[in-house]
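If you want the building blocks of each chain, they are given just below.
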Amino acid sequence: MMPADETYDVIVIGAGAGGMTAAAVTAAQGLRVLVIEKTAFVGGTAAWSGGMVWIPANARMKEAGLSDSVADAVQYLSGTVPEPANAGLRAAFLARGPEAIAWLEANTEVRLQPVRSCPDCYPERLGATAGGRVLAPVGFDGRRLGEAFARLRPPLPEFTLFGGMMVDPRDVAHLRSVGKSLRSTLRAARLVSRYALQRLRSPRGTSLYLGNALAARLYASLLARQVEFLFDADVEDLSMQGDRVGGVVIRHGSRDRPIAARRGVVLATGGFSHDNVLRKRFFPAAAGLVSSANQSSTGDGLRLAATAGAALNTDATSPACWVPASLIRRADGSRGVFPHTADCAKPGVIAINPEGRRFVNEAASHHEFVLAMLRESKGKPDRPFYLLCDRRFLWAYGLGRIKPFTRNYRRYVASGELIEAPDIAQLATKIGAKPSALTATLASYNEGAKEGRDGEFGRGSTIYQRHLGDIGHKPNPCVAPIERAPFFALRIYPADLSTAIGLKVDAQARVLREDGTPIAGLYACGNDMGSIMNGNYPAPGIALGPALTFGYIAGRHLAEGGVVAPVSCVSASG
């Protein structure tokens, strides 16, 4: 349906976490808000994600008895994001992040809880914490959305069970202990029974967790505030009132239509992960074209802002936040990308380069993992990398989309996704490595692994790495020998989780020109604004934390701004 009116107070382009936060803040102040979404769903990439939100010195961690301060966070970031670029934006984030979360919890359905055992990525650095800066969404009952539940972007199917059952992270241990513990077996039975009942009325489970719960909570908040949504619509252009952005021109179906915004427009379209032109311009050649971000992230916000004279922030250590990923082909024939955010740190798997040698501490952050892949690639996008494990690991932990305790893994072998061999020499031949090199690599690794040591890379040496491993495996949660045939290899690729290059903004989330002056009426948040971390990855949740914070900042500035009477507009592109 087309929007009801020709004029709104605020127009938000993109229904991801940042955009919906901006819409929630402005709507709560009584402003009329229109959210324009190019797809049929709300949630963006956030709906696929783990939903982690990094906010130092937040009130929830203090309530949990965890100590932190802005001064500690400043010290930590000075050691992990040493570049002076965006220092002012990082200061604004640290100052207003806790305020943003407190406002959301007081005025919307958003509910977050501290993850006590999720350390910063570099816990040895001054100012780091062992947990609590990361906030996770509290589960949400999707039935509360009513018919609008169909508009919530489903999670990636590879991260669900039984065709649509999401799992609370706290229940993972119970599912892994089915048959070993009576308590866990009963808990798992209750979860599966609940899911079966939900499927009688819904095409997927309605008990929502992780990023899907965060997206659902924001969406429910906007529906309660009677925010209007326009789905399946493209914004063709920004319209200008002199040098001020005064609205948009949309295409919906075969019609173009101008819609005015009295106070301003917020760009929250998700960055440019799936725009090949921009990827080739900013990404290293070795990165290729693999992305785990939502396919609608095609640089729309950047192109729209450019027509109004906006500047890009290209001063980044890395153009993206990275994750190793495997490529999959689903039963319906569609292609998928599986991000390996945690399984690489489990005990009994290593990563190897084309020569059959290890090249990285597999338990380091997924960002550091891919930076090592890019260095090893030597500028070539087709250099093959693999994860290597044995049958014990595959059964206990799974690999990629292959879930633990999978008996029929050979269908993945038949499709070519998983490579199997009865011994290491034959596995080396199948992946194009020298058998002698891979045999030597594994022998060297196993020698220390039998005692829980990794002499080459020190895997499992920090609390962050051990957090990602298997805490029940002794003596090292991240190290175990690889020795039980058959052996398996899974090809992985350097992929991005989100882009780091984006629009220059000020501390009020206003988009800036090259001369540093703000473009009146134009704001950006989420991945449309340049990364305040300059493409570094100091902690889990450093995409969603700033997205919610600057969505909040943009919304507050719009709500507090003066009304501009609508006048005749011209498109920004002339």
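Residue indices begin from 1 for each chain and proceed along its sequence in written order. Per-residue local features of the predicted model are confined to residues with pLDDT of at least 70, and side-chain atom pairs are confined, for both listing and counting, to 80 or more; whole-chain, interface and lining totals are unaffected and use all residues. Values shown for side chains rest on all heavy atoms present in the structure; no hydrogens or waters enter the calculation.

Under the annotation held in an unreviewed UniProt entry, the chain carries the name FAD-dependent oxidoreductase and is attributed to Bradyrhizobium symbiodeficiens. What the UniProt record of the chain gives under Cofactor (unreviewed entry) is the line "FAD". UniProt positions are given in the numbering used here, feature names are shortened, and annotations may be inferred rather than shown by experiment.

(A) Structural context of the pattern of salt bridges. Every case where a carboxyl oxygen of Asp or Glu lies within 4 Å of a side-chain nitrogen of Lys or Arg is listed as a salt bridge. For the structure shown, the criterion picks out 29 salt bridges. With a shortest N-O distance of 2.9 Å, Glu228 and Arg32 are connected by a salt bridge. With Glu228 in strand 8 (residues 228-230) and Arg32 in the loop between helix 1 (17-28) and strand 2 (33-36), this pair connects stretches of sequence that are 196 residues apart. Residue Arg279 is joined to Asp496 by a salt bridge in which the shortest nitrogen-to-oxygen separation is 2.6 Å. Of this pair, Arg279 sits in helix 8 (residues 276-282) while Asp496 sits in strand 18 (residues 487-499), and the two are 217 residues apart along the sequence. Like Arg279, the residue Asp496 is buried in the burial classification. A cluster of three or more residues bridged by salt bridges with shared partners is formed by Arg358, Glu362, Asp454, Glu456 and Arg459. For helices the rule is a DSSP run of H or I covering at least 4 residues; for strands it is a run of E covering at least 2, with both sets numbered from the N terminus onward. Three labels apply to residues, based on accessible area from a 1.4 Å probe with only protein chains included: buried if under 20% of the type maximum, exposed if over 50%, partly exposed otherwise in between.

(B) Broad picture of the sheet that holds strand 4 (residues 112-114). Two strands pair under a simple rule: DSSP has to find at least two bridges between them. With antiparallel pairing, the 3 strands of this open sheet are ordered in space as 3-5-4. The sheet is open, and its two edges are formed by strand 3 (53-54) and strand 4, each paired on a single side. Here strand 4 pairs with strand 5 (residues 134-137) via 3 bridges, running antiparallel. If you follow Leu112 over to strand 5, its bridge partner there is Pro137.

(C) Structural detail: the side chain of Asn58. Structurally, Asn58 is set in the loop between strand 3 and helix 2 (59-63). Classification of Asn58 as buried rests on a relative accessible area of 1%. Polar contacts, as counted here, are pairs of nitrogen or oxygen atoms within 3.5 Å of one another; within protein the pair requires one atom able to donate a hydrogen and one able to accept it, and residues that are adjacent in sequence qualify only if both atoms are side-chain atoms. Within the structure, the side chain of Asn58 is placed 3.1 Å from the backbone nitrogen of Arg60, a separation counted as a polar contact. The contact criterion used throughout is that any non-hydrogen atoms of two residues lie within 4.5 Å. Apart from the residues lying within four places of it in its own chain, the contact partners of Asn58 are Pro98, Gly132, Arg133 and Leu135.

(D) Examining unusual backbone geometry more closely. For the peptide bond that leads from Lys474 to Pro475, omega is 0°, which places it in the cis range. Relative to the assigned elements, Pro475 resides in the loop between helix 15 (463-468) and strand 18. Following Ala485, the chain continues to Pro486 via a peptide bond in cis, the omega torsion being 0°. Relative to the assigned elements, Pro486 resides in the loop between helix 15 and strand 18. Positive phi, close to 65°, is recorded for Phe405, a residue that is not glycine. Topologically, Phe405 is positioned in the loop between helix 11 (391-397) and helix 12 (410-414). At Ala509, a position not held by glycine, the phi torsion is positive, near 70°. By the secondary structure assignment, Ala509 is in the loop between strand 19 (502-503) and strand 20 (510-512).

(E) Structural view of helix 3 (residues 70-80). Taken residue by residue, helix 3 has Ala73, Tyr76, Leu77 and Thr80 as its buried positions. Around the axis of helix 3, the buried residues are gathered within 95° of arc, so they sit on the same side. Where helix 3 is buried, its residues touch strand 3 and helix 4 (87-107). In this description, the arc belongs to the directions extending from the helix axis to the C-beta atoms.

(F) Up close: the nonpolar core. Throughout this description, the term nonpolar core refers to a set of buried Ala, Val, Leu, Ile, Met, Phe, Trp, Tyr and Cys residues connected via side-chain atoms within 4.5 Å. Ranked by size, the top nonpolar core spans 165 residues in total, and within it Ile11, Val248, Val265, Leu522 and Phe550 carry the most contacts. In this structure Phe550 touches Leu89, Ala92, Phe93, Asp506, Ala507, Ala509, Cys525, Met529 and Ile532, once residues within four positions along its chain are discounted. Among the nonpolar cores identified, the runner-up in size contains 5 residues, and Val323, Ala325, Val337 and Ala495 belong to it.

(G) Expanded view of the UniProt feature "domain: FAD-dependent oxidoreductase 2 FAD-binding" (unreviewed entry) in the chain. Feature annotation in UniProt assigns "domain: FAD-dependent oxidoreductase 2 FAD-binding" (unreviewed entry) to the following positions: residues 9-544. With 29% helix and 21% strand, the stretch residues 9-544 has end C-alpha atoms that lie 26 Å from each other.

(H) How the structure looks around the packing of helix 4 against helix 16 (residues 544-560). Interaxial angle, 0 to 180 degrees, is taken between N-to-C directions of lines fitted to C-alpha atoms, where a helix line uses only the stretch in contact. Two elements in contact, helix 4 and helix 16, have axes whose closest approach is 8 Å; the angle formed by their N-to-C orientations is 80°. Put simply, helix 4 runs roughly perpendicular to helix 16. Counted together, Leu89, Ala92, Phe93, Arg96, Gly97, Glu99, Ala100, Ile101, Trp103 and Leu104 of helix 4 and Gly545, Pro546, Leu548, Thr549, Phe550, Tyr552, Ile553 and Arg556 of helix 16 form the full contact between these two elements. For the contact of helix 4 with helix 16, the residue count by class is 12 nonpolar, 3 polar and 3 charged. Here roughly perpendicular refers to angles of 65 to 115 degrees, roughly parallel to angles under 35, roughly antiparallel to angles over 145, and oblique to all remaining angles. Note on residue categories: nonpolar means Ala, Val, Leu, Ile, Met, Phe, Trp, Tyr, Cys or Pro, charged means Asp, Glu, Lys or Arg, and polar means any other residue, Gly included.

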